[in-house]
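Topology and contacts: notes
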Amino acid sequence: MIYGGALLGVPLIIIVLLEVQMIKLDHISKVYPNGVKALDDVSFTIEKGEFVFIVGNSGSGKSTMLKLLMKEINPTKGHLYIEDKEITKLRRGKIPKLRRSIGVVFQDFRLLDKMTIFNNVAFALKVTEAPASKIRRNVPMVLSLVGLSKKTKMYPTQLSGGEQQRAALARAIVNNPPILLADEPTGNLDPKTSWEIMKLLVDINLRGTTVVVVTHDKEIVNAMKKRVITLSHGKVVRDILRGEYGHES
Amino acid sequence: MKARTIFYLIGEGIANLFKNRLMSMAAVTTITACIFVISVFYIVGNNVEYILDTVETNLGITVFFEYDTTEERILEIKQLLEVRNEVHEVTYISAEDAWETFKVSYFEGKEDQLSGFEGDNPLEDSASLVVFFEDLDTQKSLASYVESLPDVRYIRQSEQVVDIMQSINQLVRYSSLALVVILVIISIFLISNTVRLGISTRRQEIEIMKYIGARDSFIRGPFIIEGILIGLIGTAIPLVIIYFLYDQATVSIAGQFDLLKNFLVFRDITTIYRFLVPIAAAIGILIGLVGSRLTIGRYLKA
């Protein structure tokens, strides 16, 4: 009986501790050398385990945001934190380690055509110098998770667009990264396939991965009822939990 | 970097070599051509130097003495000369030797005419010393020294031959050096061009590797292995070809210049290769490495 209160309190404490700020933008501005102001004083926080859409028209600053998160470019002003670490000050040699904590998928899949699906996924582990035993164990696991167990020996060009995107997803999560960035993941896919991919992203999110999806697919955003951050002309014009794709953006 | 990664990168490098067959072949051909020319020049230069060395020691000055110089005095001078560093060898040719040689070469076939000379040596005062040198460069100074010695009547030397030999020697040395430098620059340029042509598929690969968190060394690894391998293959091909052609070539050259048969002494190919193989391998690997480094460096930075 003495422990009753404490036992009840434990899950609460854990939940509070898990509220890690996975991604934090602190007054970020980005001005390109040609004078284009891509991001203008943007601040927001994404917690661990969130599923977030970032929406906006072309030129709204979406792509710049993604490039900042992957540290392809540096902000002109402001601070950017990933897993509570400031990455704006990261040395060049530490970038690979950062990228291993962020899985990425692209609109155009970016699989290596000369490798089988298995090897494409295994490749992500090989660059981290993972032991062969881990590769043999993890790759079939994620491939079955994305529903490609029967196509591991095929080449990307032999697969449909949806299947290729599944393979790309498998590659992105095989390292168990805490963050998954998806850049227009359904941009090249028909609506039915798009939904399958979104369902997979939700599954991945349920496993604890923080998922950030950049898109301008109105239908999907409206139906998913997730957090939506709307960018317009480099500013955050709306940030709504269980939101929709705004009209004016 | 872990051992298995190194093995993986080597494997990738070898695999890339075959995957980009056309580019690899172009690069190997370029290096092959370059190393072939470098090797031929090295071998020619080496042999010319070797032949000159042999000729140098065969080209002596002949020293003649005053009419009443005794044999003892001549042998004394011989000893005096022999202790000098620049002297390779001194041969004494007595008056009798001189007459015997002269008889054979001059009266060959006309032996009947010799009867009048019986018991008489017309070359009585022609005893001489032939001095051979270690190096042609010292001939002139030594000649003037010998000339200043007492009892020396006059000396005969082959100054013109010496001058020509020396200038040939220098010409070969400088022209081959210049050619090698030009060739290396041309091949690096050609290789980086061929690599650039084949890189469009690689660019995508490099980009993906960067996104999934590959270190620069991991991305560069296979390219470096590939560069080294291309360099090594490009070096091995011409060296093997030359190895098997060398004997034939030297024989046919010696046949072409029958007159110079005694001068044309060629060096053994294994002796030449002792120096040439490491030099050629170093140049080949260097070209392969620089060529591939130049190209990937640009894509890594982007």
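As a reminder, the structure under discussion sits directly above these lines.
Residues numbered from 1 in each chain as written. Chains lettered and ligands numbered in written order. Predicted model: local features only at pLDDT ≥ 70, side-chain atom pairs only at ≥ 80, totals over all residues.

Let us now look at the overall build of chain A. The helix and strand inventory of chain A stands at 8 helices and 10 strands. Within the span of chain A, comprising 249 residues, buried residues form 40% of the whole. For chain A, restricting intrachain contacts to residue pairs at least 6 apart in sequence, the fraction spanning at least 24 positions comes to 68%. (Helix = DSSP H or I, 4+ residues; strand = E, 2+ residues; numbered from the N terminus. Buried ≥ 20, exposed ≤ 12 C-beta atoms within 10 Å, placed from the backbone. Contact = placed C-beta atoms within 7 Å.)

Below, the discussion takes up the overall build of chain B. Counting its secondary structure elements, chain B contains 9 helices and 4 strands. Secondary structure of chain B in N-to-C order comes out as α-α-β-α-β-α-β-α-β-α-α-α-α. Residues classed as buried in chain B amount to 23% of the 302 residues present. Long-range contacts, defined here as pairs at least 24 residues apart, represent 88% of the contacts in chain B between residues at least 6 apart.

Here we take up helix 2 (residues 62-69) of chain A. Residues and elements named next belong to chain A. Buried residues dominate helix 2, accounting for 6 of its 8 residues. Of all the residues in helix 2, the buried ones are Lys-62, Thr-64, Met-65, Leu-66, Leu-68 and Leu-69. Of the residues one or two after helix 2, Lys-71 is the one with positive phi, at around 55 degrees.

The subject of this paragraph is unusual backbone geometry. Both trends apply: most residues other than glycine have a negative phi, and most peptide bonds are in trans. All names here are of chain A. In this model, Glu-83 sits at a positive phi of 50 degrees, which is unusual for a non-glycine residue. Following the sequence through the fold, Glu-83 ends up in the loop between strand 4 (77-82) and strand 5 (85-86). The exposure class of Glu-83 is partly exposed, given the 17 C-beta atoms found within 10 Å. The phi dihedral of Asp-84 falls on the positive side, at around 65 degrees, and the residue is not glycine. As for its position among the elements, Asp-84 is in the loop between strand 4 and strand 5.

We now examine the environment of Val-181 of chain B. Relative to the helices and strands, Val-181 of chain B resides in helix 6 (residues 159-197). Separated by 143 residues in sequence, Val-181 of chain B and Ile-38 of chain B have C-alpha atoms that sit 9.5 Å apart.

With 13 residues of chain A in contact, the opposing surface of chain B contributes 13 residues. Elements that contribute at least two residues to the side of chain A that touches chain B include exactly helix 3 (95-100) and helix 4 (117-126) of chain A. Among the elements that take part in the side of chain A that touches chain B, helix 3 of chain A stands out by supplying 4 residues, more than any other. In terms of residue class, the side of chain A that touches chain B is built from 5 nonpolar, 1 polar and 7 charged. (Nonpolar A, V, L, I, M, F, W, Y, C, P; charged D, E, K, R; others polar.)

Next up on the list: the nonpolar core. Looking at soluble globular proteins, one finds that nonpolar side chains tend to be buried together. Ranked by internal contacts, the top residues of the largest apolar core, which has 73 residues, are Ile-54, Val-121, Ala-170 and Leu-181 of chain A. The contact partners of Ala-170 of chain A, leaving out residues within four places of it in the chain, are Val-121, Val-142, Leu-143, Val-146 and Leu-148 of chain A. (Core = buried A, V, L, I, M, F, W, Y, C linked by C-beta atoms within 7 Å.)

Residue and element names in this part refer to chain B. Pairing between strand 1 (residues 60-65) and strand 3 (residues 128-133): 5 bridges, direction antiparallel. Residue pairing in the sheet places Ile-61 in a bridge with Val-131 of strand 3. Bridge count for strand 1 against strand 4 (residues 152-156) is 4 bridges, and the pairing is antiparallel. What sits directly across from Thr-62, in strand 4, is Arg-156. (Pairing = 2+ DSSP bridges.)

Residues and elements named next belong to chain A. One open sheet accounts for 6 strands, arranged 6-7-8-3-9-10; its pairing is mixed. The open sheet has two edge strands with one neighbour each: strand 6 (102-105) and strand 10 (235-240). Strand-to-strand, the axes of this sheet are offset by a mean angle of 20 degrees, without reference to chain direction. Two strands pair when backbone bridges link them, and strand 9 (residues 227-232) and strand 10 are joined in this way by 5 bridges, in the antiparallel orientation. (Axes fitted to C-alpha atoms, helices over the stretch in contact; angles between N-to-C directions.)

The next subject is the sheet that holds strand 2 (residues 37-47) of chain A. Pairing between the strands of a sheet is mediated by backbone hydrogen bonds and can be parallel or antiparallel. All names here are of chain A. Spatial strand order, 2-1-4-5: 4 strands in an open sheet with antiparallel pairing. Edge positions in the sheet fall to strand 2 and strand 5, since each has one partner strand and no second. The strands touched by helix 2 within the sheet are strand 1 (21-31), strand 2 and strand 4, with strand 1 carrying the most contacts at an inclination of about 120 degrees.

This next bit is on the packing of helix 1 (residues 3-19) of chain B against helix 8 (residues 216-256) of chain B. All names here are of chain B. Two numbers describe how helix 1 lies on helix 8: the axes approach to 8 Å, and their chain directions differ by 60 degrees. Taken together, helix 1 and helix 8 sit at an angle that is classed as oblique. Two packed elements cross with a definite hand, and for helix 1 against helix 8 that hand is right-handed. Of helix 8, the residues touching helix 1 (which contributes Leu-9, Ile-10, Glu-12, Gly-13, Ile-14, Asn-16 and Leu-17) are Gly-221, Pro-222, Ile-225, Glu-226 and Leu-229. Class assignment of the residues belonging to the contact of helix 1 with helix 8 gives a composition of 7 nonpolar, 3 polar and 2 charged. (Parallel < 35°, antiparallel > 145°, perpendicular 65-115°, else oblique. Left-handed = near helix turned anticlockwise from the far one by under 90°.)

So, about helix 7 (residues 191-206) of chain A. All names here are of chain A. Taking 1.5 Å of rise per residue, 16 residues should cover 22 Å, and helix 7 covers 22 Å from first to last C-alpha, within 8% of that figure. Those residues of helix 7 lying buried are Ser-194, Ile-197, Met-198, Leu-200, Leu-201 and Ile-204. Viewed end-on, helix 7 has its buried residues packed into an arc of 155 degrees, placing them on one side of the element. In this structure, helix 7 carries Pro-191, Lys-192, Lys-199 and Leu-206 as exposed residues pointing more than 90 degrees from its buried face. (Expected span 1.5 Å × (residues − 1). Arc of directions from axis to C-beta.)

A word on the environment of Asp-247 of chain B. With respect to the element layout, Asp-247 of chain B can be found in helix 8. Expressed as a C-alpha distance, the spacing of Asp-247 of chain B and Phe-266 of chain B, which sit 19 residues apart in the sequence, is 9.4 Å.

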